[in-house]
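# Understanding the architecture of this molecule
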Amino acid sequence: MNNLKRAPKRENEEEVVEKDNHSDMATSAAMDGVAAAALRSVLHRVNQAAERSGRVAHPIRVVAVSKTKPVSVIRQVYDAGHRCFGENYVQELIEKAPQLTEDIEWHFIGNLQSNKVKMLLTGVPNLAMVETVDDEKIANQLDRFVGSIGRKPLKVLVQVNTSGEESKSGVEPSGCVELAKHVSLGCPNLEFCGLMTIGMLDYTSTPENFKTLANCRSEVCKALGIAEEQCELSMGMSGDFELAIEMGSTNVRIGSTIFGAREYPKKQS
Ligand SMILES: *Cc1c(COP(=O)(O)O)cnc(C)c1O
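The model shown is predicted, which means the values in this text are computed figures rather than measured ones. (Residues numbered from 1 in each chain as written. Predicted model: local features only at pLDDT ≥ 70, side-chain atom pairs only at ≥ 80, totals over all residues.)

### Describing the overall build of the protein chain
- Per the secondary structure count, the protein chain includes nine helices and eight strands.
- A burial count over the protein chain gives 39% of its 269 residues as buried.
- Residue pairs in contact within the protein chain that sit at least 24 positions apart in sequence constitute 61% of those at least 6 positions apart. (Helix = DSSP H or I, 4+ residues; strand = E, 2+ residues; numbered from the N terminus. Buried ≥ 20, exposed ≤ 12 C-beta atoms within 10 Å, placed from the backbone. Contact = placed C-beta atoms within 7 Å.)

### Focus: the site of the ligand
- Contacts to the ligand come from 14 residues, most closely from Met 237, Ser 238, Arg 253, Gly 255 and Ser 256.
- Looking at the shell around the ligand residue by residue, the class counts come to six nonpolar, six polar and two charged. (Near = placed C-beta within 6 Å. Nonpolar A, V, L, I, M, F, W, Y, C, P; charged D, E, K, R; others polar.)

### Focus: the nonpolar core
- If you look at the biggest cluster of nonpolar residues, it comprises 69 residues, and the most contacted ones within it are Leu 39, Val 46, Val 156, Val 158, Val 183, Leu 195 and Ile 254.
- At nine residues, helix α1 (residues 24-52) tops the list of elements feeding residues into this core. (Core = buried A, V, L, I, M, F, W, Y, C linked by C-beta atoms within 7 Å.)

### Describing the UniProt feature "modified residue: N6-(pyridoxal phosphate)lysine" (unreviewed entry) in the protein chain
- Here the UniProt feature "modified residue: N6-(pyridoxal phosphate)lysine" (unreviewed entry) sits at Lys 67.
- Lys 67 gets classed as partly exposed once you count the C-beta atoms within 10 Å, which come to 18.
- Those residues within four positions of Lys 67 in sequence are excluded, and the remaining contacts are Glu 87, Asn 88, Tyr 89, Glu 92, Gly 255 and Arg 262. (UniProt positions renumbered as here; feature names shortened; annotations may be inferred.)

### Topic: helix α7 (residues 207-224)
- If you check α7, its first and last C-alpha atoms are 26 Å apart, about what 18 residues at 1.5 Å a residue would give, namely 26 Å.
- Every buried residue belonging to α7 is among Asn 209, Phe 210, Thr 212, Leu 213, Cys 216, Arg 217 and Val 220, and all of these are buried. When α7 is viewed along its axis, its buried side chains cluster within an angular range of 155° and face the same direction. Opposite the buried face of α7, by more than 90 degrees, sit the exposed residues Ser 218 and Lys 222.
- Packing partners of the buried residues in α7 comprise α6 (176-186), β6 (190-196), β7 (232-234) and α8 (241-246). (Expected span 1.5 Å × (residues − 1). Arc of directions from axis to C-beta.)

Structure representation (structure tokens):
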């Protein structure tokens, strides 16, 4: 999953003829640019954290969170071999996805409104996962629409509010078993894959948030009669992904450390 090698050249790229004696490393670094170098550094840190926690056998997925970033920069990271990207806003994702190749695995990680489900699923045929299912209504909506367009089952995670902040979406930890059961047993077109959480508002999750999500997994696995390996944990962002991996994360969502700080347009006054 974490492919450290360079992707093969795309057909429309010019061959670089190495007439001089630049080293391969220097040439490739200059061509790849900043985001690709940052990706490699992140993948290295992910592998090291996995090693520290004795989890090398279980690959950890890195979702490169590209919200607010232009397609050209996403392509740079794609060309460095990465295939898994995450976006928060339906409108932004359906504009970007068609400009990129279909072998990208898109993860939707934002708050999903029922009236955007159709747009999301028709606009992004290669949508791989929705990480943010937080009530039965949105699960049902996704299930029905996936069934109606006859695409393969959609992978989903149940989002849990582990920080107790009212501003956060996600089901309360006490409600995660019921929702996981509903998705798993009542939504034939969805594939229940595990649990997701966002930590505290400043994006530095405290270990308690991660512990809470791991506890939720134990309960869900017991209730569904599945092994813990069959229930992913999506936790950890730029500020805390190594800690999250050490605490059992299988899916980290990393934006600014790969793509640089996000700039939001200033509101006109
Ligand atoms: C923006 C975002 C991220 C990435 O945050 P960084 O701190 O930039 O890595 C991860 N998860 C969710 C849900 C986000 O909205």
